[in-house]
Number of protein chains: 2
Amino acid sequence: MSEIKERIAKVRELMAEAGIEVYYVPMSDCHNSEYVAAHFKCISFITGFTGSAGHVIITNDDAWLFADGRYYIQAANQLEGSGVTLMKWGQPDVPDPGDFVAETAAGKVLGFDGSVVNADFAKKISRKAKNVVHDRDLIGEIWTDRPEQSFSEIWEVPLEACGEKSEEKLARIRKELEQAISDSPNAVKHGSYGYFLNSLDDIAWIFNIRANDIPCNPVAYAFAIISGGIAHLYTNGKGYGRDWYKNEEMHFDNVLMDTSRISYDTYCYFADQGSTIIDIRNPSTLMKAVKNDTEKACLKEALKRDSAVLIRFMHWLKTNAGKIEMDEVSVDTYLTGLRKQDPKFLDRSFGTIAAYKENAAMMHYAATPDNCKKIKAEGMLLVDSGGQYSDGTTDITRTFVLGELTDEEKKAFTLTAVSMLRLLNAKFIKGSRGENVDFAAREVMWKVGWDYKCGTGHGVGHILNVHEGPHNIKWEIKPAGASAPFQEGMVVTNEPGVYREGKYGIRTENEMIVVPYMETEDGTFLQFENLTFIPIDLDGIDVQYMTEEDRKFLNDYHQLVRETMEPYLEDELNEWLWNYTREI
Amino acid sequence: MSEIKERIAKVRELMAEAGIEVYYVPMSDCHNSEYVAAHFKCISFITGFTGSAGHVIITNDDAWLFADGRYYIQAANQLEGSGVTLMKWGQPDVPDPGDFVAETAAGKVLGFDGSVVNADFAKKISRKAKNVVHDRDLIGEIWTDRPEQSFSEIWEVPLEACGEKSEEKLARIRKELEQAISDSPNAVKHGSYGYFLNSLDDIAWIFNIRANDIPCNPVAYAFAIISGGIAHLYTNGKGYGRDWYKNEEMHFDNVLMDTSRISYDTYCYFADQGSTIIDIRNPSTLMKAVKNDTEKACLKEALKRDSAVLIRFMHWLKTNAGKIEMDEVSVDTYLTGLRKQDPKFLDRSFGTIAAYKENAAMMHYAATPDNCKKIKAEGMLLVDSGGQYSDGTTDITRTFVLGELTDEEKKAFTLTAVSMLRLLNAKFIKGSRGENVDFAAREVMWKVGWDYKCGTGHGVGHILNVHEGPHNIKWEIKPAGASAPFQEGMVVTNEPGVYREGKYGIRTENEMIVVPYMETEDGTFLQFENLTFIPIDLDGIDVQYMTEEDRKFLNDYHQLVRETMEPYLEDELNEWLWNYTREI
């Protein structure tokens, strides 16, 4: 721990030299990515905290780490003795990190690396500061053995897997850019424009390119400028660098950017020049969320093959638990091994969560070889995992029952299944959002005074990031724009759960796609089509917690699993499946 | 109709003289009231349209009226031959009225009466105009027989009915004003302040005053200025007038106002002086929505007495329909007569909607003696009515079955009851809003491809306006601030329905109050307590459209009605009630 203290002391020395009184460190890269590669894990270097999200604030006397509910326990352990104070982000008495930085820097000199902070957030934290220094990466300056930013080979998604040529996507985007210019009171009408884009999943989708630059996220480090006539793509092979946006040969009457994604440095460069900046949300974010027919066909197939992997895994686990040696790490190895047998498998879509018994109460638990539970013929094992295939991305959770459950565990397991199935069967009018239908999943929980402290679902990319917007399913209503109405072709997960610290954790997660339900004189109605075909472990189900309709939902679902998966499984497995999809 | 044309022609002459190219007329008064008295019905005078809401835009060549879904049919009839184009506000292809005014006035001179348009809306419609003239009430200038603004006697609500002294309310408001000053980056810290208030229900609540200046809305025309030391109340007896805010003797370092309510004239007066204006939402809006213990006890009692009135009415109607002469107007007279027998009755809380058969498909139908349906022993009669009592405000709808129904009508009647009962029984986590729980009501409708084109519920004032915010129940998610999370003590209606043009309309409406449900390790959970005790007409119920739980909800509700109302009814009525609250 003295190492961490020394590093922070060095940062404070640099702060003093630069006249910086408050220094802010994000968990981010130059692309505003949700998950960052080792090169960008400045927070891990400076605090020892290895979670995937966080904010660090350093002053001359104090240092704070904001970690969210997934990481309260882990962060508390990792910060012990570091002198860094843990802020439990999301707790009612803990301020919003952006507001906390702004208040801490009120009237002072605030510093941060403006190439890894998006413009909106930078403006938020700077709003009360006396002065802002945003050209110093103080962590990078002291991080001597910092891993290099790594660039992998870029491959092109064939039309058979993406369904739309890049030129067609660009044409659709340009139409929206031109509309934004026409709508903007400040724009130079009919002038030239340059649209500056740094977000990797948007770029991957627009240009139909993929790579392996960030583990589990099949993206290439890239920047792009889209103008009326030309689209410039900057990758490792061609012009990639922190000053990508500084091209003296290009001049645009209108500069378009999504200030919630673009780096503050990029924004300031044009703002300082007095360019006409038009702030838009990246049009591709919504476009890529709405899957086309090719994408739909591909991802449905990928999800069926992935379901077969999980059924195979479930069979192995339920047959062998308590008979052979296994632990949280080895079951992940076994499962990933099964996925790797698929010739289209590229990578996992995120780090597997294999959490046994009370470990599953930590929603984003990550077992390590040195510190993982042995699995026996008792309790429950939660496995949340997914694959990146060359025809689709998967994300699926099942909780497996390995022994006798207590009554409370059975109730929790059953209500989780009921919650998932009710949402899967929800019907809703066009225009509805996740905040409207979340009740379908949560009602049965709220009725008994239970609530899971996370969203019910998130969008899933196509051969892309396992989390994507703009839609999601949650109950909290955030300012407009934070969610989007459901549209036919959006993929979304459905993953309610029950988490009891020190006892157990249960989650059941399917992927679904939005499809038409009916058209009537009262409007257009939508529903979800199920994409995941894996049994819900009947050993955890207690029918006393289900209505007639809930039982019908479960039986119908299991019949669908059995019938859909039959061609994907050998006879022995199909026979085993019969019992685990039996009518109850 | 030539009269309307003449009036518009006169307005156009005045426009030409004043150099105004686009003139805007709201349905509003100097207080941003939802319902306005005759004096302020400029839209009726200039177009002939008598609905309660609308926007009129007049140019040299055109004139438009925006009317919402409640009034499409009525407005089309009333505008016929007037030369005024009906804009069906809320239809997907019809622009937002504010945007329409802004676009129509782009690059032109826009005129309106700035004393009856709130500041936010005025800024919205003015944003593209070349110039704005906001000191001319052109309708008033040609309206020779305009009704006077009428002022009634003001009375004070006793502490036994309001539960909190005005001084205490003012202290709570000042605390919020001072917080707003402390939070504002522009404020003169620790400076003096004046908070300018024009909304009548806020003023009525703060000062515990009531009157009868607007039919059905027991408010007094008033303005108020609240400063750190003094609260100034301007009524007809004391300083009421359009220039109430121009007091040369008062000076404030900080001027606070709710720009979504305050008139544009008031706003401009201070903006032009260069005052520091702090825009806040009126703090009293949320405060008055959360009823205190006294208010709760009073309103519960008022709602029980009002329920007794409705049971009496239901008995009379069901016994006499087809036997004695009755029509849509006479049943209202009869019902209001019953309410008037209550010594605490003050007024109706809104114009009764008594709509027979297909008339009920118009959600806000208003029968007139010259044009109303005779009621026979067939079909359904929808009655939506309410009373202002000296101890509470009521709003209640029942649809009564007077003859054999078709299968579709029975289905619609039953699903409406199911919808209302499911929402009444919903449990939800603290922080939930109407947008979250609306699904509880609408799910059963959406499942069969039905949807009612209105919100499911609205707040209800205490001895005040029958519509009050900030909370409500609807599914559309508007920008943040448009709704508010439920809090213990908020009263809200629950009024789903089915409306079939040319055929029938069904609505079942109860009032509810938010109460605690349970506290668990997962949080605080809330539920609704029922406030309205009137049977749901069992002659319309078909159990094939109900789940077991729905039947339980209905039977439990009817048992509660029977037991609660027993002391309020004479033996004969209690006997009759037994049959209409029987278990099914």
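Predicted model, so just to flag it, every value in this text is computed and none were measured.

Peer 1: Quick question: what am I supposed to make of the overall build of chain A here?
Peer 2: On a plain count of helices and strands, chain A comes out with 17 helices and 27 strands. For a compact globule of 584 residues, the expected C-alpha radius of gyration is about 25 Å, and chain A comes in at 25 Å, within 12% of that figure. Expressed along its principal axes, the backbone C-alpha trace of chain A runs to roughly 70 × 60 × 45 Å. Taking all 584 residues of chain A together, 50% fall into the buried category.

Peer 1: Whenever I open this one, the interface of chain A and chain B confuses me. Can you help?
Peer 2: The partner chain B presents 29 residues to the 29 residues of chain A that form the contact. Of all elements in the fold, only strand S20 (427–429), helix H15 (434–446), strand S26 (510–520) and strand S27 (523–530) of chain A reach the threshold of two or more residues within the side of chain A that touches chain B. Top contributing element to the side of chain A that touches chain B by residue count: H15 of chain A, with 7 residues. Here the side of chain A that touches chain B is built from residues that sort into 13 nonpolar, 7 polar and 9 charged.

Peer 1: Looking at this model, I keep getting lost on the pairing of strand S12 (residues 254–257) of chain A. Mind explaining?
Peer 2: Across a regular strand the side chains alternate sides, sitting on one face of the sheet and then on the other. Residue and element names in this part refer to chain A. Side-chain alternation along S12 places Asn254 and Leu256 on one buried face and Val255 and Met257 on a second face that is also buried. Pairing between strand S8 (residues 193–197) and S12: 4 bridges, direction parallel. Bridging across to S12, Phe196 finds its partner in Met257. Running through helix H10 (residues 264–273), the crossover from S12 to the neighbouring parallel element strand S13 (residues 276–279) is right-handed.

Peer 1: Looking at this structure, I do not really get the nonpolar core. What am I missing?
Peer 2: Most often, soluble globular proteins keep nonpolar side chains buried together rather than apart. In this structure, Tyr23 and Leu65 of chain A together with Tyr23 and Leu65 of chain B are the most contacted members of the largest nonpolar core, which totals 353 residues. Ignoring anything within four residues of it in the chain, the contact list for Tyr23 of chain B reads Val11, Met15, Ile58, Gly111, Phe112 and Leu138 of chain B.

Peer 1: Explanation requested: the sheet that holds strand S11 (residues 231–234) of chain B in the structure shown.
Peer 2: The pairing of strands in a sheet comes from backbone hydrogen bonds and takes either a parallel or an antiparallel form. Residues and elements named next belong to chain B. On the basis of which strands lie adjacent, the open sheet formed by 5 strands has the order S11-S10-S8-S12-S13 and mixed pairing. What marks the edges here is a single partner per strand, and that holds for S11 and strand S13 (276–279). Averaged over all adjacent pairs, the angle separating strand axes in this sheet is 20°, with direction ignored. Of the pairings in the sheet, the one linking strand S10 (residues 223–227) to S11 comprises 4 bridges and is antiparallel in character.

Peer 1: Just to check I follow, could you spell out the packing of H15 of chain A against helix H15 (residues 434–446) of chain B for this structure?
Peer 2: Between two packed helices, what matters for the description is the angle formed by their axes and the separation of those axes. The geometry of H15 of chain A relative to H15 of chain B is characterised by a closest axis approach of 7 Å and an angle of 55° between their N-to-C directions. Compared by their axis directions, H15 of chain A and H15 of chain B come out oblique. Crossing angle aside, the handedness with which H15 of chain A passes H15 of chain B is right-handed. Here H15 of chain A contributes Glu435, Asn436, Val437, Asp438, Phe439 and Ala440 of chain A to the contact with H15 of chain B, which in turn contributes Glu435, Asn436, Val437, Asp438, Phe439 and Ala440 of chain B. Class assignment for the residues of the contact of H15 of chain A with H15 of chain B results in 6 nonpolar, 2 polar and 4 charged.

Peer 1: Would you take a moment to explain the relation of the copies chain A and chain B for this structure?
Peer 2: In summary, the two copies of the chain are related to each other by a rotation about an axis coupled with a shift along it. Between the two copies, chain A and chain B, the superposition gives an RMSD of 0.1 Å; the rotation angle is 180° and the shift along the axis is 0.1 Å. Here the copies are linked by what is in effect a two-fold axis. If distances are taken from each C-alpha of chain A to the rotation axis, the shortest is found for Asn436 of chain A, at 2.6 Å. The residues that chain A uses at the interface reappear at the interface of chain B in 100% of cases, marking a shared surface.

Peer 1: Is there a simple way to think about the domain arrangement of chain A in this case?
Peer 2: Accessible area lost when the parts come together is the quantity often used to give the size of an interface. Residue and element names in this part refer to chain A. With domains assigned, chain A is organised as domain 1 (2–142), domain 2 (155–283) and domain 3 (290–580). On a C-alpha basis, the centroid separation for the pair domain 1 and domain 2 is 28 Å. Residue-level contacts link 16 residues of domain 1 with 18 residues of domain 2. For the side of domain 1 that touches domain 2, the per-class residue count stands at 8 nonpolar, 7 polar and 1 charged.

Peer 1: Please explain unusual backbone geometry as it appears in this structure.
Peer 2: Keep in mind that most residues, glycine aside, have a negative phi and that most peptide bonds are trans. Residue Pro470 of chain A follows Gly469 of chain A across a cis peptide bond; omega there is 5°. Take Pro470 of chain A: it is sitting in strand S22 (residues 468–473). Non-glycine residue Cys216 of chain A carries a positive phi angle of around 75°. For Cys216 of chain A, the location among the structural elements is in the loop between strand S9 (209–210) and strand S10 (222–227). Since 19 C-beta atoms lie within 10 Å of it, Cys216 of chain A is described here as partly exposed. Phi at Lys357 of chain B takes a positive value of approximately 50°, unusual for a residue other than glycine. Positionally, Lys357 of chain B belongs in the loop between strand S15 (353–356) and strand S16 (380–385). Residue Lys357 of chain B is classed as buried on the basis of its C-beta count, with 20 C-beta atoms lying within 10 Å.

Peer 1: Explanation requested: the sheet that holds strand S15 (residues 353–356) of chain A in the structure shown.
Peer 2: All names here are of chain A. Taking strand neighbours across the sheet as the criterion, the 3 strands line up as S15-S16-S19 in an open arrangement whose pairing is antiparallel. Edge strands, defined here as strands with exactly one partner in the open sheet, are S15 and strand S19 (396–401). Strand after strand, the sheet turns through a mean of 10° between neighbouring axes, direction not considered. Relative to strand S16 (residues 380–385), S15 is paired through 4 bridges, and the arrangement is antiparallel. Paired with Ala355 across the strands is Leu382, a residue of S16. Lying on the sheet, helix H13 (residues 328–340) is in contact with S15 and S16; it crosses S15 at an angle near 140°.

Peer 1: Which parts of the structure should I look at to understand the packing of helix H4 (residues 97–104) of chain B against helix H5 (residues 119–126) of chain B?
Peer 2: Residue and element names in this part refer to chain B. With their axes 7 Å apart at the nearest point, H4 and H5 run at an angle of 40° to one another. Compared by their axis directions, H4 and H5 come out oblique. Between H4, through Gly98, Val101 and Ala102, and H5, the contact on the second element is made entirely by Phe121, Lys124 and Ile125. Across the contact of H4 with H5, the residue classes tally to 4 nonpolar, 1 polar and 1 charged.

Peer 1: Explain helix H3 (residues 72–79) of chain A to me, please; I cannot follow it from the model alone.
Peer 2: For an α-helix, the turn length of 3.6 residues means that residues three or four places apart are oriented alike. Residues and elements named next belong to chain A. Within H3 the residues assigned to the buried category are Ala75, Gln78 and Leu79. In an axial view of H3, the angular spread of the buried residues amounts to 90°, which keeps them on one side of the axis. Summarising the contacts, the buried residues of H3 are in contact with helix H2 (42–47), strand S3 (63–68) and strand S4 (85–89). Gly81 occupies a position one or two residues after H3 and carries a positive phi of about 80°.

Peer 1: Explanation requested: the pairing of S19 of chain A in the structure shown.
Peer 2: Residue and element names in this part refer to chain A. Of all 6 residues making up S19, 6 are buried, and the element is well covered by its neighbours. With 6 bridges connecting them, S16 and S19 associate as antiparallel partners. Bridge assignment links Asp384 to a residue of S19, and that residue is Thr397.

Peer 1: What is the right way to read the environment of Ile209 of chain A from this model?
Peer 2: Residues and elements named next belong to chain A. Relative to the helices and strands, Ile209 resides in strand S9. Along the chain, Ile209 and Tyr568 lie 359 residues apart, while their C-alpha atoms are 30 Å from each other. Setting aside chain neighbours within four positions, we find Ile209 in contact with Ile154, Glu156, Ala204 and Ala220.

Peer 1: Explanation requested: the environment of Leu138 of chain A in the structure shown.
Peer 2: Residues and elements named next belong to chain A. The residue Leu138 is located in helix H6 (residues 138–142) in this model. Between the C-alpha atoms of Leu138 and Val25, which are 113 residues apart in sequence, the distance is 9.1 Å. When residues no more than four places from it in sequence are discounted, the contact partners of Leu138 are Val11, Leu14, Met15, Tyr23 and Gly111.

Analysis parameters
- Residues numbered from 1 in each chain as written.
- Chains lettered and ligands numbered in written order.
- Predicted model: local features only at pLDDT ≥ 70, side-chain atom pairs only at ≥ 80, totals over all residues.
- Helix = DSSP H or I, 4+ residues; strand = E, 2+ residues; numbered from the N terminus.
- Rg over C-alpha atoms; globule rule 2.2 N^0.38 Å.
- Buried ≥ 20, exposed ≤ 12 C-beta atoms within 10 Å, placed from the backbone.
- Contact = placed C-beta atoms within 7 Å.
- Nonpolar A, V, L, I, M, F, W, Y, C, P; charged D, E, K, R; others polar.
- Pairing = 2+ DSSP bridges.
- Right-handed = clockwise from strand over helix to strand, strands pointing away.
- Core = buried A, V, L, I, M, F, W, Y, C linked by C-beta atoms within 7 Å.
- Axes fitted to C-alpha atoms, helices over the stretch in contact; angles between N-to-C directions.
- Parallel < 35°, antiparallel > 145°, perpendicular 65-115°, else oblique.
- Left-handed = near helix turned anticlockwise from the far one by under 90°.
- Least-squares fit on C-alpha atoms with pLDDT ≥ 70 in both.
- Domains from an automatic or database assignment.
- Arc of directions from axis to C-beta.

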